[in-house]
Amino acid sequence: MKEFTQKYFVGDAAAHSRSVYKGSGYDPQDLNRPHIGIGNTFSENSAGHAHLRELADAVKSAIWQAGGIPFEFGLPSTCAEVAIGSDTMCMDLAMRDIVAAGIEVVASVQHFDGLVLLSGCDNIVPGTLLAAARLDIPTICCTGGPMLSGRLNGKQFLQCDVTEFSYGQISKGNADKEAILQAECQACPSMGACSNMGTANTMQILTEALGMTLPGSSTIPAVYTDKIVSCKHIGRRIVEMVFEDLTPSKIITREALENAIRMDLAIGGSTNAVMHIPALANELGIDMTADEFEKFNRTTPCIANVRPSGIYAVDDLHFAGGVPQLFKQLEPLIHKECLNVNGQTLGEILEHVNSCPSDVIRSMKNPISENGGLCILKGNLAPNGSVVRSSTVKKSMLHFRGTAKVYQSDSEAHQAIISEKVQPGDVVVVRNVGPVGAPGMVEVMEATEAIVNLGLDESVSLITDGRFSGFCHGPIIGHVSPEAAIGGAIALIKDDDMIEIDIPNRSLKLDVSEEELEKRRKNLVLPEPKRKKGFMRTYAKNCLPPEKGAAMQSWD
């Protein structure tokens, strides 16, 4: 353990720094302690972040107890549900870079000795992870936890059910106002991340799988007092980590990233994790792409019986043992030497976990699916790869050959589906919605949710160079790369072309001759940038492709 020395706030030359902290209400006598920044993504516009003030207060009280001094600062956060169907949906992924940059700048300017990063949703959680890796000072990520699952007419009813309902029956005018009101009022009974295995809960769980939050903490329901107690443990622990100099680069190793990939496959997690893990690896100089998910897919069964791959909610997963129990079932496959922020190895943590498989967390001998929940498809339509949540695809659609129907936006495709212009046997193509084309990468949700809600998920598939919400499921393939806006093969598809999807053989093919494709390529005119100024233009000019994480990491 190293001896802590306060570098910036002692001595006569630091009077100006102590003065402004006195002006903020701090006693200058307290400043000769570890300075812990608390990055808080609290907002009143997201259930996943609306409770974080209370959690931050618990963290701060414990930091004081442990001999540190806390400094809370604010970070932006959004809720993608609000943006669905609008032209701002493309901005959601880019929030990851904004969050990471905000933490990077504040923590650097303020000379924090350690960080606690509070977050709860989608791209905000991975934004905190990117910042932790980039700064490489002692850090704990404090995740907000899942909301409690809702009930409607005595049955489980979640936010993902409202979304499917909205873009299926409601958009066709087949739902009455009372049914709509009941649905919207019952789906979110508490604060916290939407309680299925969406991107928010996926990334909270993967934060724990990486070792960046305390064991068992990521799935504690947001409104439980256990969450507050966990935050107090985090506040005390971060001060110890400063003295130990336990930094993210010692925790997020290649082996830890591989554990996280195994975990994502085992929980049938969001397809967005296929971008977040490579982006995190890149921050640490670790060469990793989406292909790593395929590398482990056939040896990692999906064992979490949680929607959309299964039938339960994430609060059920917590009471079945959470991440420690998931790792216990995966024990033969994982790297047990990896460190957790609590200072223990994963192997030491699992020594105290009894193997208790259940219907929520299955054993590897009784999986939801024999392969992992995600797989990577390649072929002439996606030479650099694409992703599908294979654990949610019905057997009849694992190998599908259909006729292309091409659209330039999620809304355009959705309208075609609900007006019955899309028929069984079609493959809906949504393009120019990738990282450069959108710019920022659209979650194609209107069209995908309509396919499911209207009962077309056994006869219609969808492919896109955009991405999907963690809510989405069925025969839908995203992250097609290269994307249309930079001349990828998806830009060459015409209506009535034949497309073949073969998930067991990991193949995505456009059944058009190379000669014809070359002819189309010569006549292809790339679209003008949709945004000529502002942050999203900067993002489009600096982001990597989806198989490398789609983050603004073109640093060379």
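None of the values given here were measured: they were computed from a predicted structure.

(A) Geometry of the pairing of strand S7 (residues 375–379). Judged by how many residues are buried, S7 sits mostly within the fold: 4 of 5 residues are covered. Two strands pair when backbone bridges link them, and S7 and strand S8 (residues 382–388) are joined in this way by 4 bridges, in the antiparallel orientation. When the sheet's bridge partners are listed, Leu377 is paired in S8 with Ser386. In sequence, S7 turns back onto S8 through a hairpin of 2 residues.

(B) Structural context of the side chain of Ser461. For Ser461, the position within the fold is in strand S11 (residues 461–464). A polar contact of 2.6 Å, which involves the side chain of Ser461, links it to the backbone oxygen of Pro475. Non-local contacts of Ser461, meaning those with residues more than four positions away in its chain, are made with Met397, Phe400, Asp426, Val427, Val428, Pro475 and Ile501.

(C) Up close: the UniProt feature "domain: Dihydroxy-acid/6-phosphogluconate dehydratase C-terminal" (unreviewed entry) in the protein chain. UniProt annotation of "domain: Dihydroxy-acid/6-phosphogluconate dehydratase C-terminal" (unreviewed entry) refers to residues 359–550 when read in the numbering used here. For residues 359–550, the end-to-end C-alpha separation is 36 Å, with 18% helix and 23% strand making up the annotated structure.

(D) A look at the pairing of strand S12 (residues 476–481). Counting buried residues along S12, 6 of its 6 residues qualify, which places the element largely inside the surrounding structure. Relative to S12, S8 runs antiparallel, the two sharing 3 bridges. Note that in S12 the partner of Gly385 across the bridge is Ser481. Both S11 and S12 contribute to a ladder of 2 bridges, which runs parallel. Following the sheet pairing, Ile463 is matched in S12 by Ile477.

(E) Examining the sheet that holds strand S2 (residues 69–74) more closely. Here 4 strands make up an open sheet; going across it, the order is S2-S1-S3-S4 and the pairing parallel. Because the sheet does not close on itself, it has two edges, and the strands there are S2 and strand S4 (139–143). When strand polarity is set aside, the average angle formed by the axes of neighbouring strands in this sheet is 20°. Pairing geometry for strand S1 (residues 35–40) and S2, over 6 bridges, is parallel.

(F) Representation of the side chain of Thr41. With respect to the helices, strands and loops of the structure, Thr41 is situated in the loop between S1 and helix H2 (52–65). With a relative accessible area of 0%, Thr41 lands in the buried category. Of the polar contacts made by the side chain of Thr41, one reaches the side chain of His49; its length is 3.4 Å. Of the polar contacts made by the side chain of Thr41, one reaches the backbone oxygen of Leu118; its length is 3.0 Å. Those residues within four positions of Thr41 in sequence are excluded, and the remaining contacts are His49, Leu52, Leu75, Pro76, Ser77, Leu118, Ser119, Gly120 and Ile124.

(G) Representation of the environment of Lys328. Considering the arrangement of structural elements, one finds Lys328 in helix H15 (residues 322–329). What makes Lys328 buried here is its relative accessible area of 18%. In contact with Lys328, not counting residues within four places along its chain, are Leu350, Val353, Asn354 and Ser355.

(H) Structural context of the packing of helix H11 (residues 254–267) against H15. Between H11 and H15, the least distance of the axes is 11 Å, while the angle of their chain directions is 95°. One element, H11, and the other, H15, form an angle in the roughly perpendicular class. Within the contact between the two elements, H11 uses Asn259, Met263 and Ile267 and H15 uses Val323, Leu326 and Phe327. For the contact of H11 with H15, the class distribution of residues is 5 nonpolar, 1 polar and no charged.

(I) Local environment of the pattern of salt bridges. Evaluation of the coordinates by the stated rule reveals 26 salt bridges. Two residues, Lys519 and Glu516, come together in a salt bridge whose shortest N-O distance is 4.0 Å. With Lys519 and Glu516 both in helix H19 (residues 514–522) and 3 residues apart, this pair spans about one turn of that helix. Of the residues examined, Lys519 reaches a relative accessible area of 52% and is grouped as exposed. Exposure remark for Glu516: the relative accessible area of 24% places this residue in the partly exposed category. Three or more residues are tied together by salt bridges with common partners; here these are Asp497, Glu516, Lys519 and Arg520.

Parameters and conventions
Residues numbered from 1 in each chain as written. Predicted model: local features only at pLDDT ≥ 70, side-chain atom pairs only at ≥ 80, totals over all residues. Heavy atoms only, no water. Buried < 20%, exposed > 50% of the residue type's maximum accessible area, 1.4 Å probe, protein only. Helix = DSSP H or I, 4+ residues; strand = E, 2+ residues; numbered from the N terminus. Pairing = 2+ DSSP bridges. Polar contact = N/O pair within 3.5 Å; in protein donor to acceptor, adjacent residues only side chain to side chain. Contact = heavy atoms within 4.5 Å. UniProt positions renumbered as here; feature names shortened; annotations may be inferred. Axes fitted to C-alpha atoms, helices over the stretch in contact; angles between N-to-C directions. Parallel < 35°, antiparallel > 145°, perpendicular 65-115°, else oblique. Nonpolar A, V, L, I, M, F, W, Y, C, P; charged D, E, K, R; others polar. Salt bridge = Lys/Arg side-chain N within 4 Å of Asp/Glu carboxyl O.

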